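Residues per chain, in single letters:
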Amino acid sequence: MTQNIKFYQTGTFTVGNRLLDPEHRAVQASIQRDNSLTSGHRACQGCGEALGARYAVDAAMRATDGQLIAANATGCLEVFSTPYPETSWKLPWLHSLFGNAAAVGSGIAAALAVKARKAGLERSAVRVIAQGGDGGTTDIGFGCLSGMFERNDDVLYICYDNEGYMNTGVQRSSATPPGARTATTVPLGPNPGEEFGRGKNLPLIAMAHEIPYVATATVADLRDLEAKVEHAMSLHGARYLQILVPCPLGWGAASCDTIRLARLARETGLFPVFEAKGGEITAVTKIRHQQPVENYLRLQKRFAHLFGDKGRPDIVARIQAMADKNIRRFGLLEAAE
Amino acid sequence: MTMKKPFAITLDPGSSLANKTGSWRTERPVYVHRLPPCNHACPAGEDIQGWLFHAESGDYETAWRHLTQNNPFPAIMGRVCYHSCETACNRGTLDQAVGINSVERFLGDEALKLGWAFAPPAMETGKRVLVVGAGPSGLAAAYHLRRLGHAVTVIEAGDSPGGMMRFGIPKYRLPREVLDGEVARIAAMGVTFRYGEKVSDLAASMAETHADAAFLAIGAHIAKRAFIPAKDSARILDAVAVLRSMEGAGPPMLGRRVVVYGGGDTAIDVARTARRLGASEAVIVYRRTRERMPAHDFELEEALQEGVKVRWLSTITGAEGGQLTIEKMELDAAGKPQPTGVFETLDADSLVLALGQDVDMSLLAAIPGLVTADGVVLVDPETMMTGQPGLFAGGDMAPGARNVTVAIGHGAKAARHIDAWLHGTKLAPPAERPLAGFDRLNTWYYSDAPASLRPQLDLARRTSSFDEVQGGLTEANALFEARRCLSCGNCFECDTCYGVCPDNAVIKLGSGMGFTINLDYCKGCGICAAECPCGAIDMVPEES
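- Per an unreviewed UniProt entry, the recorded name for chain B is 4Fe-4S ferredoxin iron-sulfur binding domain protein, and the organism is Rhodobacter ferrooxidans.

- Under an unreviewed UniProt entry, the name given to chain A is Thiamine pyrophosphate protein domain protein TPP-binding, and the source organism is Rhodobacter ferrooxidans.

Set out below in structure tokens:
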């Protein structure tokens, strides 16, 4: 029998496993995990962003031995975690403005570098992350972020991508996908919801800056996410991680379906999961059980106008074509043509 | 408020832990233990998922001890059980069923190899029970009664234990050293065995053994006959006698061309035995089609591999001097075979009838209170007690499917109720656990892993010897196979609920202790229940 021992308990899909050595389990499987974003925060039931933030920051805390400072953009993550005078954060955490998280991160990194030099050290042991939602990243904070990339400042920027301005009442961002209803992209007229052909693909824009590390991840693949954070923290210079974090409120989905949606986003090909070094793609997470986009869209009320009696199968087909393009472009399927 | 604070700051910083978000909840997650379909399907009542859990970690002795709480014969089961557990296994819907039977055999063989023994009963009750018949049912009852602290005497008409496991199942399926090894372990617990003694007066035997209760498991050993007009020269035998004589000094004289009449597993056993005894032709004649054959298909398949032939849709209408008259049949609309009036002849040195077996009722007529119907003794299906208080019955002589596993289940169930009866109590039926169905699984989390196959003996040796056909799994394969278990409906500590909670409201209690919910912070989103691979979390509405 030459089969690899790869059954479910020691497989890579569950969070942990009683039969695995503790060091081979996910950070999140450990009783000693930091819970950097602690209980009592005011995120909605089933919030993907709260989950993604704890996954990413806990992994960064472990990678840096707890020597970590975070700068945070305005947005859900900031609002639900720090209503004055409470905080859910268990690490040094700064909030300044909606659009300047990357600049604040750059400034902290510069200050730490100066302190280290004055102490006669090569570089500071304390590391910096900056984080925000897709609005604060792809729209409002884009200039600061591009500058941070261009200067190759020693910051890991994490974008929690829930595809819209959820905190202010679900408005469109440049990360909102075509066809999706938001408060500002109404499901009316010949092109209901967000129009096709708009928006930004920030991971590809980050790659164009040829920074050391760019990666995407979802809350459905915890080990992959943790591995990417850990790798990012082993590097210096500007790094960018975009995590897909489904939003039950803004997407009109059941609170229990958050991880399922993230999984479907990847398995349909709509959200390609990959990593790139110096502007070149170096690894792609292959689709395990390919799904039609309809299985993903039907779980979300923001796409409800595409289905039913007055449905728009033509728009569903265009979304499927986007997924198919991603699959071709990133090579998301195993080469078993 | 005396602390000096920066400009415009009036409150001390606090933690969000002060904010008990559990008050938002309308549903709460609850950890449940559902009944896995394998356990549900097991006629012997084994906790299959439970013992696989221990086997998964390589702790085979604990797995074996857990298994034998319900069934003392894993090495036998791993060879002769028809494993309805595997038919029910949820993994069958995903890729292939877990090879439960082959892991069970591995555990049984490991126990025999390493000499694991049953613990003696913790205390003696002072009660005595007579078991009549040392077949699977009687042996199982004796084992369980002894575990419960009763003194047990088993009286068996044959000269060795096993019943149909010895006299009905050929050696190539169940080597006798395996049977003897597992029975010896029961004897070592202090069960008294008496062989070669036929109980003809139950009351006298109970008085002589000072028994307070008795369990009857005499089996069904009388071959059914069919009327076949035959001249004196035709050699007609019955399957029970043929298989029984295989245990004696001289094998039966069947000749070169053997015809077996019947469509059950016994017919196939006889045909395969005939091939091993040197018959160049072994032909099974059966009235219906392969789809309607009661024999298990894998047994037929193995027989066909060994060169056994089958005449489907055929009955035997006459036998004369080495020739049988066969009438072709056809199925009517109701699926019943009907004669066609088309006849053929078939050469045969001997004809073996394998048409089923009856219970020897002569023993039972004198026992007051026994009620029989359709050739079996009626028992209370809840307790296995016959019409006579304190007298229980099981196995082939009681209603139910006739196979070793069902018989063992009867024995185990009867033992529980005999114990209760001896204590003057009645066992309440166990609480029904809801089934852990496939639709409750989140199969994404299970890696793709096809089943491991057991090696089979070379075909050449299968028709020339009585060596065991089916081999066992190696330790690595058995471990692999155990780890294919999905743990349906029962937590296997994969930490997924603990990982996926956005509110850190799942508390991990540590290895072997599972998880609990921190209701102070659980918002009731239901992600833990949705993502639980094995369906061990229910969402339960909060009372308003």
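Next comes the rest of the account.
A look at the overall build of chain A
No. 1: In terms of regular secondary structure, chain A is built from eleven helices and nine strands.
No. 2: Since a compact globule built from 337 residues should have a radius of gyration of about 20 Å, the 20 Å found for chain A is in line with a globular shape.
No. 3: Considered along the principal axes of its C-alpha atoms, chain A spans approximately 70 × 60 × 40 Å.
No. 4: Nonlocal contacts in chain A, meaning residues at least 24 apart in sequence, comprise 70% of its contacts between residues at least 6 apart.
No. 5: Surface exposure of chain A reaches about 13,600 Å², of which carbon and sulfur atoms provide 52%.
No. 6: Positive and negative side-chain charges of chain A, numbering 36 and 33 respectively, have mean locations separated by a distance of 2 Å.

Examining the environment of threonine 125 of chain B
Residue and element names in this part refer to chain B.
No. 1: Relative to the helices and strands, threonine 125 resides in the loop between α7 (100–114) and β3 (128–132).
No. 2: Distance from threonine 125 to histidine 150, taken between C-alpha atoms, is 5.5 Å for residues 25 residues apart in sequence.
No. 3: Setting aside residues up to four positions removed in sequence, threonine 125 forms contacts with Leu148, Gly149, His150 and His423.
No. 4: Only 2.7 Å separates the side chain of threonine 125 from the side chain of histidine 150, close enough to count as a polar contact.

A look at the sheet that holds strand β4 (residues 151–155) of chain B
Residue and element names in this part refer to chain B.
No. 1: Spatially, β5-β4-β3-β6-β19 is the arrangement adopted by the five strands of the open sheet, whose pairing is parallel. What marks the edges here is a single partner per strand, and that holds for β5 (192–194) and β19 (391–393). Across the sheet, the axes of successive neighbouring strands diverge by a mean angle of 20°, strand direction being ignored.
No. 2: Strand direction decides the pairing type here: strand β6 (residues 213–216) and β19, joined by three bridges, are parallel. Counted as the bridge partner of phenylalanine 215 is phenylalanine 392 from β19.
No. 3: Of the strands in this sheet, β3, β4, β5 and β6 touch helix α8 (residues 136–147), which is tilted by about 165° from β4.

Section: helix α14 (residues 297–305) of chain B
Residue and element names in this part refer to chain B.
No. 1: Those residues of α14 that sit buried are Glu299, Leu300, Glu302 and Ala303. On an axial view of α14, the arc spanned by its buried residues comes to 160°, and they lie on one face.
No. 2: Buried residues belonging to α14 abut α13 (265–276), β11 (309–311) and α16 (459–462).
No. 3: Looking one or two places after α14, you find glycine 307, whose phi comes out positive at around 95°.

Points about the UniProt feature "domain: Thiamine pyrophosphate enzyme TPP-binding" (unreviewed entry) in chain A
No. 1: The UniProt record annotates "domain: Thiamine pyrophosphate enzyme TPP-binding" (unreviewed entry) at residues 74–240 of chain A.
No. 2: For residues 74–240 of chain A, helix accounts for 35% and strand for 16%, while the C-alpha atoms at its two ends are 18 Å apart.

Describing the packing of aromatic side chains
No. 1: Taken as a whole, this structure holds 18 aromatic pairs over all chains when the rule is applied.
No. 2: Consider the rings of phenylalanine 13 of chain A and tryptophan 444 of chain B, whose centres lie 5.8 Å apart with planes at 65°: the pair is edge-to-face. Taken together, the residues span two chains, with phenylalanine 13 of chain A in the segment before α1 (48–63) and tryptophan 444 of chain B in the loop between α15 (404–422) and α16.
No. 3: Residue class for tryptophan 444 of chain B comes out buried when judged on its relative accessible area of 11%.
No. 4: When the ring centre of phenylalanine 142 of chain A is taken as reference, the NZ or CZ atom of lysine 200 of chain A above it lies at 4.3 Å.
No. 5: Above the face of the tryptophan 444 of chain B ring, arginine 288 of chain A is positioned so that its terminal group lies 4.5 Å from the ring centre.

Examining the domain arrangement of chain B
No. 1: Assigned domains within chain B: domain 1 (16–34 + 491–541), domain 2 (39–116 + 459–484), domain 3 (128–221 + 359–423) and domain 4 (223–356).
No. 2: Inter-centroid distance (C-alpha atoms) of domain 1 of chain B to domain 2 of chain B is 34 Å.

So, helix α9 (residues 258–268) of chain A
Residue and element names in this part refer to chain A.
No. 1: Burial analysis of α9 places ten of its eleven residues in the buried class, the great majority of the element.
No. 2: Of all the positions in α9, only Thr258, Ile259, Leu261, Ala262, Arg263, Leu264, Ala265, Arg266, Glu267 and Thr268 are classed as buried.
No. 3: Backbone geometry just downstream of α9 places glycine 269 in the positive-phi region, at approximately 95°.

So, the sheet that holds strand β6 (residues 213–218) of chain A
Residues and elements named next belong to chain A.
No. 1: With mixed pairing, eight strands are arranged side by side in an open sheet as β3-β1-β4-β5-β7-β6-β8-β9. Taken across any chain shown, the strands that pair with only one partner, and hence form the sheet edges, are β3 (93–95) and β9 (280–284). The mean angle between the axes of side-by-side strands here comes to 20°, regardless of whether they run parallel or antiparallel.
No. 2: Here strand β8 (residues 274–277) runs beside β9; their pairing, made up of four bridges, is antiparallel.

Overview of unusual backbone geometry
Most of the time, phi is negative for any residue but glycine, and the peptide bond is trans.
No. 1: In this structure, proline 85 of chain A follows tyrosine 84 of chain A across a cis peptide bond, with omega equal to 5°.
No. 2: Within the fold, proline 85 of chain A resides in the loop between α2 (76–81) and β2 (86–87).
No. 3: Even without being a glycine, alanine 8 of chain B presents a positive backbone phi close to 70°.
No. 4: Inspection of the secondary structure puts alanine 8 of chain B in the segment before β1 (14–15).

Focus on the pattern of salt bridges
No. 1: This model, assessed by the stated rule, comprises 52 salt bridges over all chains.
No. 2: For aspartate 221 of chain A, the salt bridge identified is with arginine 266 of chain A, shortest N-O distance 2.8 Å. Here arginine 266 of chain A lies in helix α9 and aspartate 221 of chain A lies in the loop between β6 and α7 (222–234), a separation of 45 residues in the sequence. In terms of burial, aspartate 221 of chain A and arginine 266 of chain A fall into one category: buried.
No. 3: Note that glutamate 267 of chain A is salt-bridged to arginine 266 of chain A, the shortest N-O span being 3.2 Å. Each member of the pair, glutamate 267 of chain A as well as arginine 266 of chain A, is classed as buried.
No. 4: Linked through salt bridges whose partners overlap, the residues forming this network are Arg173, Asp269, Arg272, Arg276, Glu299, Glu302, Glu306 and Arg462 of chain B.

Topic: the state of the cysteines
No. 1: In total, this model carries zero disulfides over all chains according to the counting rule given.
No. 2: The thiol of cysteine 144 of chain A is unpaired, and the distance to the nearest cysteine sulfur, on cysteine 159 of chain A, comes to 15 Å.
No. 3: No disulfide involves cysteine 491 of chain B; its sulfur sits 6.2 Å from the nearest other cysteine sulfur, which is in cysteine 534 of chain B.
No. 4: The exposure class of cysteine 491 of chain B is partly exposed, given its relative accessible area of 27%.

Quick word on the interface of chain A and chain B
No. 1: Contacts between chain A and chain B engage 53 residues on the former and 55 residues on the latter.
No. 2: Across the chain A-chain B interface, the total number found is 33 residue pairs in polar contact (both at pLDDT 80 or more).
No. 3: Among the elements of the structure, α1, β2 and α9 of chain A are those that each provide at least two residues to the side of chain A that touches chain B.
No. 4: Counting residues per element, the side of chain A that touches chain B draws most heavily on α9 of chain A, at six residues.
No. 5: Of the residues that constitute the side of chain A that touches chain B, the class distribution is 20 nonpolar, 21 polar and twelve charged.
No. 6: Looking at chain direction, β2 of chain A and β1 of chain B are connected through two bridges and run parallel.

Each value, and the rule that gives it
Residues numbered from 1 in each chain as written. Chains lettered and ligands numbered in written order. Predicted model: local features only at pLDDT ≥ 70, side-chain atom pairs only at ≥ 80, totals over all residues. Heavy atoms only, no water. Helix = DSSP H or I, 4+ residues; strand = E, 2+ residues; numbered from the N terminus. Rg over C-alpha atoms; globule rule 2.2 N^0.38 Å. Contact = heavy atoms within 4.5 Å. Areas by Shrake-Rupley, 256 points an atom, 1.4 Å probe, with all protein chains shown as cover. Lys, Arg positive; Asp, Glu negative; His and termini not counted. Charge placed at Lys NZ, Arg CZ, Asp CG, Glu CD. Polar contact = N/O pair within 3.5 Å; in protein donor to acceptor, adjacent residues only side chain to side chain. Pairing = 2+ DSSP bridges. Axes fitted to C-alpha atoms, helices over the stretch in contact; angles between N-to-C directions. Buried < 20%, exposed > 50% of the residue type's maximum accessible area, 1.4 Å probe, protein only. Arc of directions from axis to C-beta. UniProt positions renumbered as here; feature names shortened; annotations may be inferred. Phe/Tyr/Trp six-rings, centres within 6.5 Å; stacked < 30°, edge-to-face > 60°. Lys NZ or Arg CZ within 6 Å of the ring centre and 35° of its normal. Domains from an automatic or database assignment. Salt bridge = Lys/Arg side-chain N within 4 Å of Asp/Glu carboxyl O. Disulfide = S-S within 2.5 Å. Nonpolar A, V, L, I, M, F, W, Y, C, P; charged D, E, K, R; others polar.

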